[in-house]
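# Descriptive structure summary
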Amino acid sequence: MKLFLKGRYFQDDETLISGVKLWLLTQLQSSAGGLFFAKPMREKKYITMMDPFQIKYGKLLSAVLVLPCLMIDVLWVSCTLLGLGATMTVILDLPFAYSVWISSAVAIIYTLLGGLYSVAYTDVIQLALAFISLWLCVPFLLLNNTSLSIAQTAFNHTFQDPWVGSLDKDSVWRWLDDFLMLGLGSVSFQSFHQRTLSASSCVTAQLTCYAAAILIAILGIPPVLVGAVAASTDWNLTQYGLPPPYARNEHSFILPLTLQNLTPSYISIIGIGAVAAAVMSSTDSGLLSATSIFSSNIYKNILRKQASDFEMKWVIRITVVVVGLVGTSITLHSISTLFLWILAADISYTLIFPHLVAVLFFKVTNGYGATAGYIVGITVRILLGENDIGLPVILQLPGCTMENGIYVQRAPVRTSSMVLTLITILFFSVVASLMFNYGLLPERLDVFKVKHRVTVPPVGTVGQNHKDEGDGGGDDCHENSQGVPLQPLLQNGS
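Here the structure is a predicted model, which means the values were calculated and not measured.

### Regarding a nonpolar patch on the surface
On the surface, a nonpolar cluster with roughly 890 Å² of combined accessible area is contributed by L35, F36, F361, F362, V364, V430, L434, Y438 and L440. Sorting the residues of the nonpolar patch by element identifies helix 1 (16–43) and helix 15 (413–437) as the ones contributing at least two each. Summarising the element assignment, L440 is placed in the loop between helix 15 and helix 16 (462–473).

Written as structure tokens, this is what we have:
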């Protein structure tokens with residue numbers, strides 16, 4: 001099956017089913033973020049998503065966890081630049097590589113000039129333009145003379161296979177795995193949290209997530225219709241001609257190509273311009289996301305604690321340029337927006353998401369569990385393989401089959417890896433805490449300081465302390481058999 005949707009190309013069993021999956025998962029991301037993550041993150045006034053890791057685990061381990069986050073943001077920048085470059089290629093009729101570099105230069109420059117405030121305001125304008133413009137294009141697409149009714153081609157083979165597609169029994173687990181990965185994995189993107197953490201209050205942060213979930217449901221309809229119309233079009237009757245876009249491997253250009261060839265010129269200009277503006281808003285968000293993590297969690301807190309505001313401004317500017325250049329360079333090696341998005345979400349879902357859940361919702365979590373989870377998570381994910389990037393399958397899960405000489409996993413490998421990472425974090429955190437607190441390991445080996453500290457008060461105050469603890473402090477600390485209060489478990493590893 002082949003379908004063009006949101007400028008991306010789906011093959012095999014992924015047609016409208018994939019479009020619905022992408023549509024629903026973004027609603028899952030916003031809803032889950034608002035329900036579970038926005039409030040605890042905003043209440044503690046974190047600056048970036050990595051702040052709770054730095055507070056709980058210290059500098060070294062949090063610096064290791066920052067690396068995949070930076071990789072995710074760079075891939076996200078590359079993903080958006082591919083879409084922006086594809087749009088500019090159709091508008092300017094330039095080679096794809098030139099369009100990507102021009103788009104990257106524009107995004108870098110206006111992100112440098114404006115920063116977070118201008119980006120936030122332009123995002124509002126750009127989303128409004130995209131909403132109005134795409135819906136404006138829909139009637140012209142559905143009524144154009146070169147396309148058949150999308151209802152007619154939904155289940156019948158006309159110019160290509162039916163665009164609705166089907167979900168085979170063998171693909172159900174993989175479909176659910178991708179759905180959870182793209183939905184929950186995106187929750188651990190810094191670009192998502194920088195919106196909620198910059199909100200004026202916890203309530204505002206949550207309302208922003210809920211509003212996004214509703215708007216996504218509305219904004220997702222036009223791209224679905226564009227894909228359906230493109231699959232129902234006799235391209236020989238258009239100026240584009242034959243072979244059709246999917247035969248020319250121009251799947252990344254399908255949205256601007258459809259608007260350019262199937263709508264009047266003035267409608268095409270409005271629609272393509274709005275799409276370019278919307279993609280630009282995602283590009284600058286990715287640039288700022290990577291910049292804030294590096295400048296705040298690495299440079300300011302680890303490399304240069306005494307850095308002045310003037311120095312930090314230049315660090316931010318240089319980081320924006322470097323991230324933009326690296327992200328643009330990656331686009332030269334891939335033309336698939338969906339591939340880069342899945343790769344980023346895979347890293348986020350299998351590595352960062354279980355760590356974020358553990359550090360926010362499980363007090364027992366400590367640096368030993370996080371270290372073990374990080375090592376186990378990376379190892380297991382590599383062993384499970386990923387054929388799309390040439391990573392062979394070594395650890396075969398139930399249902400794994402051999403296809404064309406290559407092992408193909410049918411089980412939900414990403415979710416399995418994520419759950420195993422979370423279990424490893426919690427298990428080794430509990431084991432390490434018990435071993436140090438019960439004296440099974442010497443305190444000098446307690447690098448992350450998980451052992452409870454005992455504070456002995458001056459003589460004559462034990463009884464008073466015991467009385468005070470009984471009045472209302474029992475929730476925060478415990479007492480030994482002599483009535484001496486025990487301080488709670490240290491959270492910052494100091």
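### Details of the environment of Q194
Mapping Q194 onto the fold places it in helix 7 (residues 190–197). For Q194, a relative accessible area of 8% puts it in the buried group. In this structure the C-alpha to C-alpha distance between Q194 and L288, which are 94 residues apart in sequence, comes to 8.8 Å. Those residues in contact with Q194 that lie beyond four places of it in its chain are S285, L288, S289 and S292.

### Re the packing of helix 9 (residues 221–231) against helix 10 (residues 254–262)
Orientation of helix 9 relative to helix 10, taken along the N-to-C sense of each, is 65°, at an axis distance of 10 Å. Relative to helix 10, the element helix 9 lies roughly perpendicular. Two packed elements cross with a definite hand, and for helix 9 against helix 10 that hand is left-handed. For the pair helix 9 and helix 10, contact is made by V226, V229 and A230 and by I254, L255, T258 and L262, respectively.

### A look at the packing of aromatic side chains
What the rule picks out here adds up to 12 aromatic pairs. When the ring of W175 is compared with that of F179, the centres are 5.7 Å apart and the planes differ by 5°; the resulting orientation is stacked. With W175 and F179 both in helix 6 (residues 172–185) and 4 residues apart, the pair spans about one turn of that helix. Classification of F179 by relative accessible area gives buried; the value is 16%. When the ring of F427 is compared with that of F428, the centres are 5.3 Å apart and the planes differ by 90°; the resulting orientation is edge-to-face. The class of F428 is partly exposed, set by a relative accessible area of 37%. The lysine or arginine in question, R317, covers the ring of W314, its NZ or CZ lying 4.9 Å from the ring centre.

### Here's the deal with the confidence of the model for the protein
In the predicted model, the protein carries a mean pLDDT of 80, and 84% of its residues have values of at least 70. Note on residues 1–17: pLDDT under 50 across the span, and 71 contacts to partners over four residues away in sequence or across chains. Residue range residues 461–494 is modelled with pLDDT below 50. Its contacts to residues more than four positions away, or to other chains, number 51 contacts.

The rules behind each value
- Residues numbered from 1 in each chain as written.
- Predicted model: local features only at pLDDT ≥ 70, side-chain atom pairs only at ≥ 80, totals over all residues.
- Heavy atoms only, no water.
- Patch = residues over 30% accessible without salt bridge, like charges linked within 9 Å, V, L, I, M, F, W, Y side chains within 5 Å.
- Areas by Shrake-Rupley, 256 points an atom, 1.4 Å probe, with all protein chains shown as cover.
- Salt bridge = Lys/Arg side-chain N within 4 Å of Asp/Glu carboxyl O.
- Helix = DSSP H or I, 4+ residues; strand = E, 2+ residues; numbered from the N terminus.
- Buried < 20%, exposed > 50% of the residue type's maximum accessible area, 1.4 Å probe, protein only.
- Contact = heavy atoms within 4.5 Å.
- Axes fitted to C-alpha atoms, helices over the stretch in contact; angles between N-to-C directions.
- Parallel < 35°, antiparallel > 145°, perpendicular 65-115°, else oblique.
- Left-handed = near helix turned anticlockwise from the far one by under 90°.
- Phe/Tyr/Trp six-rings, centres within 6.5 Å; stacked < 30°, edge-to-face > 60°.
- Lys NZ or Arg CZ within 6 Å of the ring centre and 35° of its normal.
- pLDDT = per-residue confidence, 0-100.

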